[in-house]
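What the coordinates show
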Amino acid sequence: EHDPAIPHPVVLVLGPFMTAARQREFHNRADALGRVRVLTFDSHLELMMANAAGIVAMGGYNTFCEILSFDRPALLIPRVAPRREQLLRATRASELGLTQMLDIDSGNDPAVMARALRARLAAGRCAPRRARGPGLGATGRGTRIHGAADPAGRSRHPRDAGDPAPPGAERT
């Protein structure tokens, strides 16, 4: 609504817990804009994400993982209640250059959102292949955290070297 010149069509996928009245409001506003499509469900959401110019999301675990796996530019606007896990994830991802983040108050301002969308699209794809950190391709650090590395650089868990299993765990 604030920036009709954004160069891409928009698909809004509404959350499963959004009230019917709020869904109607989004449908009505989208109908007035023309280039905005509203969905309440799509069984092939991953395909839509893979082909998207960019993604705006709250940053739930599954969506966050899909954004990274599809290497799409992403703008996260995390919720902070009832838990802060989305905020923590979005903050760290932004620090690593994987995504951009807006806090919920800024994300509700149409001018701020439009500027952030344009900036994110101009910046291009997220950087998971370039980012380094535990679980993001940092073999050395990751193996120090999760186990030791053998001389060939392969990761091995300490239990694989004959160390006893932790109390209550069975050796596999």
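Keep in mind the model is a prediction, meaning the values are calculated, not measured.

Right, let's talk about the overall build of the protein for a bit. Along the backbone of the protein there are seven helices and seven strands. Going from N to C terminus, the protein has its helices and strands arranged as β-α-β-α-β-α-β-α-β-α-α-α-β-β. Relative to its full complement of 172 residues, the protein shows a buried share of 27%. The contacts in the protein between residues at least 6 apart in sequence include a share of 48% that link residues at least 24 apart.

With that out of the way, let us pick up the pattern of salt bridges. Following the criterion strictly, the structure yields six salt bridges and no others. Between E25 and R29 there is a salt bridge, and its shortest N-O distance comes to 3.5 Å. Note that E25 and R29 are positioned in helix α1 (residues 20-33) at a spacing of four residues, about one turn of the helix. Among the residues examined, E25 registers a relative accessible area of 34% and is labelled partly exposed.

Our focus in this paragraph is the sheet that holds strand β3 (residues 55-57). Taken together, the three strands give an open sheet; going across it, the order is β3-β4-β5, and neighbouring strands pair in parallel fashion. The open sheet has two edge strands with one neighbour each: β3 and β5 (100-101).

On to α1. Between the first and last C-alpha of α1 there are 20 Å, a value that for 14 residues agrees with the 20 Å anticipated at 1.5 Å per step. Following α1 by one or two positions, G34 adopts a phi angle in the positive range, close to 85°.

Turning our attention to the confidence of the model for the protein. The predicted model of the protein averages 78 in pLDDT, with 72% of residues at 70 or higher. Contacts of residues 136-172 to residues separated by more than four positions or lying in other chains number 34 contacts, the stretch itself having pLDDT below 50.

Let's shift gears to helix α4 (residues 85-95). Along an α-helix, residues three or four positions apart point the same way, because every turn accommodates 3.6 residues. Turning to α4, its buried residues are Q86, L87, R89, A90 and A93. Within α4, the buried residues cover an arc of 165° as seen down the axis, which keeps them to one side. More than 90 degrees from the buried face of α4, the exposed residues found are L88 and E95. Backbone geometry just downstream of α4 places G97 in the positive-phi region, at approximately 80°.

Cut-offs and rules
- Residues numbered from 1 in each chain as written.
- Predicted model: local features only at pLDDT ≥ 70, side-chain atom pairs only at ≥ 80, totals over all residues.
- Heavy atoms only, no water.
- Helix = DSSP H or I, 4+ residues; strand = E, 2+ residues; numbered from the N terminus.
- Buried < 20%, exposed > 50% of the residue type's maximum accessible area, 1.4 Å probe, protein only.
- Contact = heavy atoms within 4.5 Å.
- Salt bridge = Lys/Arg side-chain N within 4 Å of Asp/Glu carboxyl O.
- Pairing = 2+ DSSP bridges.
- Expected span 1.5 Å × (residues − 1).
- pLDDT = per-residue confidence, 0-100.
- Arc of directions from axis to C-beta.

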